[in-house]
Amino acid sequence: MPKTTDPTLSKTRFTSGLQCLKLLHLGTYSRELADPVPASQQALFDSGTHVGVLARQRFPDGLLIDAPYNAHSRAVTSTSKALSDAFIPAIYEAGFDFENIRIRVDILSRNSDHTFNLIEVKSSTSVKPEHIPDAAIQLHVLEGSGVPIGKTFLMHIDNTYVYQGGDYDLDKLFRLEDITDQARSYLQSVPGSLAAMWEALHLDETPPIEIGPQCTRPYRCAFYNYCHKSLPEHHIEQLPRAKPEFIDKLRAAGIQDIGDIPPDFPGLSANQQRVRNAVATGRPYVGPELADALSQATYPLHFLDFETFNAALPAYVGTRPYQVIPFQWSLHVQDSSGALSNISFLHDGSDDPREAFTRSLLDAIGPQGTILVYSSYEQTIIWQLADLFPQYQERLSALPGRFLDLLALVRAHFYHPNFHGSYSIKAVLPALDPDLTYSDLDIQDGSLASIYFAKMIAPDTQAHERERLRNALIRYCERDTLAMVHVLAALQSMSQTTTPQS
Ligand code: SF4
């Protein structure tokens, strides 16, 4: 794409430029190369927008600058009028343009001394280091535009707030943190950062920046796949639990592929050595204790998986922001003959799902046999439910003692080169049983399941759409437990047919 001679910056571009100048350049001129935005990330954006709108009510009677982002001049003109009207106590989405940097400010609150406070709203539950530059670039533009700024605040969600029903108590739902000192201190570095960004934006080609820790910090880069596509299949970044400094050491030694790491390379942990050996030889690592670990499982085997959601804004009385709420489970039961059956539960009302979830689960799980899970997540939820429902506490508390965590077992005793550094069941299943996939399903990951659930119970969702979402959720959760059945079978087979390695 031809480069514009008059590029502009925004808050987003500024923070992109701080992360990586190549990201800034690609994001400005080559958006078409970006990774598709996953539905789960889009849902996070939508939730953030909803939180932002609610947050305005903490500064009531303000004026919304109602101009879309592509009508920036209109936003700037309307803002200018609102600033000069002393009867307007707060301005939402105020627009400014200073030295080709265009910003919209979440909330500007008017003070009695003719200054304004700058309020940046985030859906997070605390102030994070990456929020400070975001506020500082706004300070730079506002003060450059002649707006006197008193204090700078970050307003975030307070996850200790307990919803009591009815309207949210906004004084408790949101917490205002004074970040004036941090933002002003950061402001000193802004001109230098801007100079580097303008220089990058005037380059005809993307800046020649190597991939590195900046590709995932503080955010996973939107061009991650574009920049990583020509890397070796077993790139060193896939090495489990490798610190950025260790990856830098490997790079400095000219090593890009895990299989090329010398076995005695200083700093390789025992597990990383197994991963290195599996990649170098193309053969899975089978630990000497895998067979013993698998033999702990007793019939009937119960393969259990939960789906949950954790919304920023609490939906049920007595719950907190981001509290995890289980709404669905799937259970495959296998007897010693290999016969397999499935039973599942999916809440489908707008009320709190937890009691129906708990009751149905306790009714479905037989009194004997191992309960296989993939991660400690289900155990955590069980303990939370036991605390919540004294009437089910005894029966719930008896379950975790029967749990066998397949994830912990795989981590400790097995590695396949095709895991590519991930022990997630979505990575483990195709390596162990390529015939069973998620590709025929509408939902292919848990974060999408929570979005489907929210849509399914939304009052304005039509009956036929609700049915479609319901079927998709049931099929997804059922596939997760079936995947565990197949993973266990593959591990049992490997442990019997492969010579273990130390
Ligand atoms: S993937 Fe990494 S190197 Fe490529 S643009 Fe993003 S941050 Fe920069």
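Everything numeric here is computed off the predicted structure, so don't read it as measured data.

### A word on the layout of surface pockets
- For the second largest pocket, the calculated volume is near 310 Å³.
- A per-element tally of the lining of the second largest pocket places helix α10 (residues 244-252) first, with four residues.
- Across the lining of the second largest pocket, the residue classes break down as eight nonpolar, six polar and six charged.
- Here the lining of the second largest pocket spans two domains, and each of domain 2 (234-282) and domain 3 (291-497) adds at least three residues to it.

### A short note on the packing of helix α13 (residues 354-364) against helix α14 (residues 377-388)
- Orientation of α13 relative to α14, taken along the N-to-C sense of each, is 110°, at an axis distance of 11 Å. Compared by their axis directions, α13 and α14 come out roughly perpendicular. Judged by residue contacts, Arg354, Phe357, Thr358 and Leu361 of α13 engage Ile382, Leu385 and Leu388 from α14.
- Per-class residue counts for the contact of α13 with α14 are five nonpolar, one polar and one charged.

### Here we look at the pairing of strand β5 (residues 116-121)
- The buried fraction of β5 is high, at six of six residues.
- Here β5 shows no split at all, with Phe116, Leu118 and Glu120 on one side and Asn117, Ile119 and Val121 on the other all buried.
- In terms of strand pairing, strand β4 (residues 101-110) meets β5 through four bridges, oriented antiparallel. The residue of β5 that forms the bridge with serine 109 is asparagine 117.

### Overview of empty space enclosed by the protein
- This structure, assessed with the given rule, holds two cavities of 30 Å³ or more.
- Estimated volume of the largest cavity: approximately 90 Å³.
- Of all the secondary structure elements, the ones that give two or more residues to the lining of the largest cavity are α2 (21-29) and α9 (224-228).
- With three residues, the single largest contributor to the lining of the largest cavity is α2.
- The class makeup of the residues in the lining of the largest cavity is 10 nonpolar, one polar and two charged.
- In this structure, the second largest cavity encloses a volume near 40 Å³.
- In terms of lining residues, the second largest cavity is bounded by Phe309, Asn310, Ala311, Leu313, Pro314, Ala315, Tyr316, Thr319, Arg320, Tyr322, Gln323 and Ile325.
- Taken together, the residues that form the lining of the second largest cavity break down as eight nonpolar, three polar and one charged.

### A few points about the site of the ligand
- As a structural note, the neighbourhood of the ligand is formed by Cys20, Lys22, Leu23, Leu26, Glu210, Ile211, Gln214, Cys215, Cys221, Phe223, Tyr224 and Cys227.
- Applying the majority rule of atoms within 2 Å of the grid points places the ligand in the largest cavity.
- Looking at the shell around the ligand, the elements that each hand over two or more residues are α2 and α9.
- At three residues, the largest contribution of residues to the shell around the ligand is made by α2.
- Within the shell around the ligand, the residues separate by chemical class into nine nonpolar, one polar and two charged.

### As for the packing of helix α5 (residues 131-144) against helix α7 (residues 180-187)
- Direction vectors running N to C along α5 and α7 enclose 70°, while the axes themselves pass 8 Å from each other. Judged by the inter-axis angle, α5 sits roughly perpendicular to α7. Here α5 contributes Ile132, Pro133, Ala135, Ala136, Leu139, His140 and Glu143 to the contact with α7, which in turn contributes Gln182, Ala183, Arg184, Tyr186 and Leu187.
- A class-by-class count of the residues in the contact of α5 with α7 yields eight nonpolar, two polar and two charged.

### A short note on the domain arrangement of the protein chain
- Here the domain parsing of the protein chain yields domain 1 (9-200), domain 2 (234-282) and domain 3 (291-497).
- In this assembly, 21 residues from domain 1 lie in contact with 14 residues from domain 3.
- Across the domain 1/domain 3 interface, buried area totals approximately 1200 Å², and carbon plus sulfur atoms make up 72% of it.
- Remark: the boundary between domain 1 and domain 3 carries zero salt bridges.
- On inspection of domain 1 and its partner domain 3, the count reaches four residue pairs in polar contact (both at pLDDT 80 or more).
- The residue makeup of the side of domain 1 that touches domain 3, split by class, is 10 nonpolar, 10 polar and one charged.

The rules behind these values
- Along every chain, residues carry numbers that run from 1 in the direction the sequence is written.
- Only residues with pLDDT of 70 or above have their local features reported here, since the model is predicted, and side-chain atom pairs are shown and tallied only from 80 upward, although totals for entire chains, interfaces and linings are computed over all residues.
- The side-chain quantities take in all heavy atoms of the structure and omit both hydrogens and water.
- Residues are called lining when one of their atoms sits within 4 Å of a cavity or pocket point, these points coming from a 1 Å grid over the protein atoms alone, where a cavity is a set in which a 1.4 Å probe fits but cannot get out and a pocket is an open set with protein on both sides within 12 Å along at least five of seven lines.
- Grid points are joined across faces, edges and corners, and a volume is the space filled by probe spheres set on the points.
- The helix and strand labels rest on DSSP assignments: H or I over at least four residues marks a helix, E over at least two residues marks a strand, and numbering proceeds from the N terminus.
- Charged means Asp, Glu, Lys or Arg here, nonpolar means Ala, Val, Leu, Ile, Met, Phe, Trp, Tyr, Cys or Pro, and polar covers whatever is left, Gly included.
- Where a domain begins and ends is set by an automatic assignment or by a domain database.
- Axis lines are fitted through C-alpha atoms, for helices just across the contact stretch, and the angle between N-to-C directions can take any value from 0 to 180 degrees.
- Any angle that is under 35 degrees is reported as roughly parallel, and any over 145 degrees as roughly antiparallel; angles of 65 to 115 degrees are reported as roughly perpendicular and all others as oblique.
- By definition, residues are in contact when any of their heavy atoms lie within 4.5 Å.
- Note on classification: 1.4 Å probe, protein chains only; a residue is buried when its accessible area is under 20% of the maximum for its type, exposed when over 50%, partly exposed between these limits.
- The pairing criterion is simple: DSSP has to find at least two bridges between the two strands.
- Near, as used in this document, describes a residue that has one of its heavy atoms within 4 Å of the molecule or strand being considered.
- Each molecule is assigned to a cavity or pocket provided more than half of its atoms lie within 2 Å of the corresponding grid points.
- Values labelled buried area give the accessible surface lost by two parts on being combined, using a 1.4 Å probe and summing over both.
- Here, a salt bridge means any side-chain nitrogen of Lys or Arg that lies within 4 Å of a carboxyl oxygen of Asp or Glu.
- Polar contact criterion, stated in full: a pair of N or O atoms within 3.5 Å, where within protein one must be able to donate a hydrogen and the other to accept it, and residues adjacent in sequence count only if both atoms are side-chain atoms.

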